[in-house]
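One letter stands for each residue in the lines below.
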Amino acid sequence: MNDIITFEDFTKIDLRVGTIIDVNEFPEARYPAYQLTIDFGVLGSRKSSAQITTLYKKEELLNKQIVAIINFPKKQIAKFMSECLVLGAVKGKDVMLLNPETKVANGSIVS
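All values derive from a computational prediction rather than experimental measurement.

Turning to a nonpolar patch on the surface, a few remarks are in order. A surface patch of nonpolar side chains, about 400 Å² in accessible area, is lined by Ile5, Phe7, Phe10 and Ile13. Residue placement: phenylalanine 7 occurs in helix α1 (residues 7-11). Given the relative accessible area of 64%, phenylalanine 7 is considered exposed.

And the structure:
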């Protein structure tokens, strides 16, 4: 288990639901990954790099809702600027995206 955080620490994390609206190969990434563009509704769209190529084909990801942290600082990955962190459950080397059971509005808060 990692370090214990307070509830106040947790409330600083801005978790939102968004819909993937564009997916591109990312051959410059150190590990196989996709470049995603995600629509967060009134918050606009953000880009993210995601190492999810073992479980997902590009066409399966389009219009898929996901959960992401949107208040991390931007991170340069090769020549790509990642603007949010897409969340997933890790099993071995595979990452399975976290998503709502039913469709919700883009930008919805996850608590």
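Continuing now.
Let us look at the sheet that holds strand β7 (residues 85-86). Taking strand neighbours across the sheet as the criterion, the 5 strands line up as β3-β2-β1-β4-β7 in an open arrangement whose pairing is antiparallel. What marks the edges here is a single partner per strand, and that holds for β3 (45-50) and β7. Examined bridge by bridge, strand β1 (residues 15-25) and strand β2 (residues 34-39) share 6 bridges and lie antiparallel to one another. Pairing of aspartate 22 across the sheet is with threonine 37, part of β2.

With that settled, consider the UniProt feature "domain: TRNA-binding" (unreviewed entry) in the protein chain. Here, the residues flagged by UniProt with the feature "domain: TRNA-binding" (unreviewed entry) are residues 9-111. Annotated as residues 9-111, this span is 7% helix and 43% strand, and its ends, taken at the C-alpha atoms, are 13 Å apart.

Cut-offs used in this document
Residues numbered from 1 in each chain as written. Predicted model: local features only at pLDDT ≥ 70, side-chain atom pairs only at ≥ 80, totals over all residues. Heavy atoms only, no water. Patch = residues over 30% accessible without salt bridge, like charges linked within 9 Å, V, L, I, M, F, W, Y side chains within 5 Å. Areas by Shrake-Rupley, 256 points an atom, 1.4 Å probe, with all protein chains shown as cover. Salt bridge = Lys/Arg side-chain N within 4 Å of Asp/Glu carboxyl O. Helix = DSSP H or I, 4+ residues; strand = E, 2+ residues; numbered from the N terminus. Buried < 20%, exposed > 50% of the residue type's maximum accessible area, 1.4 Å probe, protein only. Pairing = 2+ DSSP bridges. UniProt positions renumbered as here; feature names shortened; annotations may be inferred.

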